[in-house]
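Structural features, examined
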2 protein chains.
Amino acid sequence: MITIGPSRPEDATPILRMAAAEPLFTAEEAECVEELLRDYFGRPDHNGYFFLTAWLEGKAAGFACYGPTALTRGTYDLYWIAVDRSFSRRGVGRALIARVEASVRERSGRLLVVETSGTAAYADTRAFYEGLGYERAATVPEFYGPGDDLVIYIRRL
Amino acid sequence: MITIGPSRPEDATPILRMAAAEPLFTAEEAECVEELLRDYFGRPDHNGYFFLTAWLEGKAAGFACYGPTALTRGTYDLYWIAVDRSFSRRGVGRALIARVEASVRERSGRLLVVETSGTAAYADTRAFYEGLGYERAATVPEFYGPGDDLVIYIRRL
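Heads up: these notes are all about the structure in this document. (Residues numbered from 1 in each chain as written. Chains lettered and ligands numbered in written order. Predicted model: local features only at pLDDT ≥ 70, side-chain atom pairs only at ≥ 80, totals over all residues.)

**Points about the relation of the copies chain A and chain B**
- Mapping chain A onto chain B leaves a residual RMSD of 0.0 Å; the transformation is a rotation of 180 degrees accompanied by 0.0 Å of translation along its axis. These values place the two chain copies in the arrangement generated by a two-fold rotation axis. Residues of chain A ranked by C-alpha distance from the rotation axis are headed by Ala138 of chain A, positioned 2.5 Å from it.
- A high fraction, 100%, of the interface residues of chain A reappear at the interface in chain B, so the copies pair face to face through one surface. (Least-squares fit on C-alpha atoms with pLDDT ≥ 70 in both. Contact = placed C-beta atoms within 7 Å.)

**Describing the sheet that holds strand β1 (residues 3-6) of chain B**
Residue and element names in this part refer to chain B.
- Taken together, 7 strands build an open sheet; the order of strands is β1-β2-β3-β4-β5-β7-β6 and the sheet is mixed. Two strands in the sheet have a free side with no partner beyond their single neighbour: β1 and β6 (135-145). Neighbour to neighbour, the strand axes of the sheet diverge by 25 degrees on average, direction disregarded.
- Where strand β3 (residues 59-68) and strand β4 (residues 75-83) come together, 7 bridges link them in antiparallel fashion. Each bridged residue has a counterpart across the sheet, and for Phe63 the counterpart in β4 is Ala82.
- Running over the sheet, helix α1 (residues 12-21) touches β2 (50-56), β3 and β4 and is turned about 85 degrees from β3.
- Across the sheet, helix α3 (residues 92-106) is in contact with β1, β2, β3, β4, β5 (111-117) and β7 (148-156); its angle to β2 comes to roughly 145 degrees. (Pairing = 2+ DSSP bridges. Helix = DSSP H or I, 4+ residues; strand = E, 2+ residues; numbered from the N terminus. Axes fitted to C-alpha atoms, helices over the stretch in contact; angles between N-to-C directions.)

**Remarks on helix α2 (residues 27-42) of chain B**
All names here are of chain B.
- With 16 residues, α2 ought to run about 22 Å at 1.5 Å a step, and its terminal C-alpha atoms sit 22 Å apart, in line with that.
- Turning to α2, its buried residues number three or more, namely Val33, Leu36, Leu37 and Tyr40. Projected down its long axis, α2 carries its buried residues within an arc of 100 degrees, all on one side. Pointing more than 90 degrees away from the buried face of α2 are the exposed residues Ala27, Glu28, Glu35 and Gly42.
- Where α2 is buried, its residues meet α1, β2, β3 and β4. (Expected span 1.5 Å × (residues − 1). Buried ≥ 20, exposed ≤ 12 C-beta atoms within 10 Å, placed from the backbone. Arc of directions from axis to C-beta.)

**Topic: the sheet that holds strand β3 (residues 59-68) of chain A**
Residue and element names in this part refer to chain A.
- Taken together, 7 strands build an open sheet; the order of strands is β1-β2-β3-β4-β5-β7-β6 and the sheet is mixed. With one partner strand each, in any of the chains shown, β1 (3-6) and β6 (135-145) form the two edges of the open sheet. Neighbouring strand axes in the sheet, compared pairwise and without regard to direction, differ in orientation by 25 degrees on average.
- The pairing of strand β2 (residues 50-56) with β3 spans 7 bridges and is antiparallel. If you follow Phe50 over to β3, its bridge partner there is Tyr66.
- In the packing of helix α3 (residues 92-106) onto the sheet, contacts are made with β1, β2, β3, β4 (75-83), β5 (111-117) and β7 (148-156), and the angle to β2 comes to roughly 145 degrees.

**Focus: α1 of chain B**
All names here are of chain B.
- Along α1, the residues classified as buried are Ile15, Met18 and Ala19. In a view along the axis of α1, the buried residues occupy a sector of 100 degrees, so they form one face of it. Facing away from the buried surface of α1 by more than 90 degrees, the exposed residues are Thr13 and Arg17.
- Of the surrounding elements, those touching the buried residues of α1 are α2, β2, β3 and β4.

Given below as C-alpha cells:
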C-alpha cells in the first residue's frame, strides 16, 4: 500500500539519499534537488515549490517536486521525480504522478509539463510518460549537451 | 552608430523604463526584469546573468539579458530583449542579438535558446528571429495560457 503526502523536514534525509542514488541523476542534478529542498523547508512560502514523499512498507520509496511555471497562467512543471530502485515496478512513480496531477488540478492548473532527455538512458523514462498518456509535444535538439536532446511532454488537465 | 556594452548600475533606470514601456511585456514580466536586474547588480557573481545596454544618439535604446541554462552543457538562454520603440527599425535589436551571440561563443556556448509566444501580438518578434536565421525548434501548445503557445527558437553557435 503506497501512501503519499507533502514532504516533512524529516523526509529530507531519505529524499537526498534517493536523489544521490538515482543512476540517471548527475551530481549537479542531485545538488539541484538538495538546493530546492533546502529552500522548500527554509522559506515560509516553500519558494513556490511542492515536494511529495511516497511511502511503501514503512520506508520512503520515492519523491516528486513540482510547482507553477513563472510567467504562465495555469502551467505547472514537474521538476523532479525519483523512485528508490529497490521499489521499482511497484507503481510508486505512477502513484506520485497521479498525486501531482490531482494537486495541480486542485490549484486550477490546466497543463503539466515534464522535461526529460532524449538519450537512450532515458528510454524507460519516456516510455513511462507515454504509457501514462503524456503527449510528446516538442524536442529541442542538443539542448542538454551534444547528442542530448530536450524532450517536452505535456498533459492537459 | 549603435554601441553596446555590459549594463552599469546607472543603466538600471533606463532599462526599467524600457521594460515598463514595452507594450509586449505584461506588468509581471516587467517586474521579472526588475528582479533580475536587482540580482545582477546586487550579487558579485551577477547571479549567473548578463545584461547588455545598447546606446544610440547618446540615449539608452535597448537592452538584453541572457545567461547559461542550468543543468546543460553549453546552452544559453536569451531571457529578455527590448528596444525603445522610438528607436525602432534602426538595427538595435539585431545589434544586441549579434553581441549576445558573440558573448556566448566567447564563453564556449554552443546553443542559444529563445522562448517566445505564438500569439499574433508576437508575429513581428517571430519574424525577427526567423529573419536572423533562427531555427523554430519546438512549440508547446497553450504553455503561457489558453491560446498562447510557447515557441522555442534555437541558434547553433
